[in-house]
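Coordinate inspection notes
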Amino acid sequence: MNAIVKLYSNNPGEISMFLTHFFEKEITLDSDLFWQKEYLNPVELSDIITALIENIDDYSITMWISLDKDVFINITQNNADDIVRYLFERYPY
């Protein structure tokens with residue numbers, strides 16, 4: 001199973017602005033309030049988790065990740081560091 005990241009926002013355009021900043025290129029979305037991406041390498045989630053937490057004051061976005069089928073974890077300022085550490089421990093290669 002691929003790792004999944006989901007972003008949600010109640011503010012139209014918020015996710016697009018964040019992703020444009022994160023990917024450093026213009027991002028256009030079909031839905032202004034939701035975005036999802038699958039990653040073959042779960043460790044790659046650490047980049048987007050860190051980027052959102054570092055800019056949490058600038059964006060009104062919630063993030064959920066899934067490493068196991070049908071199990072989603074809400075990423076918050078309180079658990080982000082532990083989740084990133086866990087990613088590198090669980091998937092060391």
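For the structure itself, look to the data block above.
Read on for a plain summary of the structure. Being a predicted model, the structure only gives us computed values, none of them experimental.

Our next topic: unusual backbone geometry. Positive phi is not limited to glycine here, since E24 has a value of about 60°. With respect to the helices, strands and loops of the structure, E24 is situated in the loop between α1 (14-23) and β2 (34-39). The class of E24 is exposed, set by a relative accessible area of 72%.

So, on to the pattern of salt bridges. Where side chains of opposite charge bring their charged atoms close, a pairing between them can arise. The full count for this structure, using the stated rule, is three salt bridges. In this structure, the salt-bridge partner of K69 is D70, at a minimum N-O distance of 3.8 Å. When its relative accessible area of 62% is taken as the criterion, K69 is described as exposed. Taking relative accessible area as the criterion, D70 reaches 65% and is therefore assigned exposed. R85 is paired through a salt bridge with D81; the nearest N and O atoms lie 2.9 Å apart. Separated by four residues within a single helix, R85 and D81 lie in helix α3 (residues 80-90), roughly one turn from each other. On the basis of relative accessibility, which here comes to 45%, the residue D81 falls in the partly exposed class.

To continue, consider the packing of aromatic side chains. Taken as a whole and judged by the stated rule, the model has five aromatic pairs. On the basis of an interplanar angle of 45° and a centroid distance of 5.0 Å, the ring pair of Y8 and F34 is categorised as tilted. Of this pair, Y8 sits in strand β1 (residues 3-8) while F34 is found in strand β2, placing the two residues 26 residues apart along the sequence. Given a relative accessible area of 34%, Y8 falls into the partly exposed group. Each ring, one from F18 and one from F22, has its centre 6.1 Å from the other, and the planes form 15°; the classification is stacked.

What counts and how
- Residues numbered from 1 in each chain as written.
- Predicted model: local features only at pLDDT ≥ 70, side-chain atom pairs only at ≥ 80, totals over all residues.
- Heavy atoms only, no water.
- Helix = DSSP H or I, 4+ residues; strand = E, 2+ residues; numbered from the N terminus.
- Buried < 20%, exposed > 50% of the residue type's maximum accessible area, 1.4 Å probe, protein only.
- Salt bridge = Lys/Arg side-chain N within 4 Å of Asp/Glu carboxyl O.
- Phe/Tyr/Trp six-rings, centres within 6.5 Å; stacked < 30°, edge-to-face > 60°.

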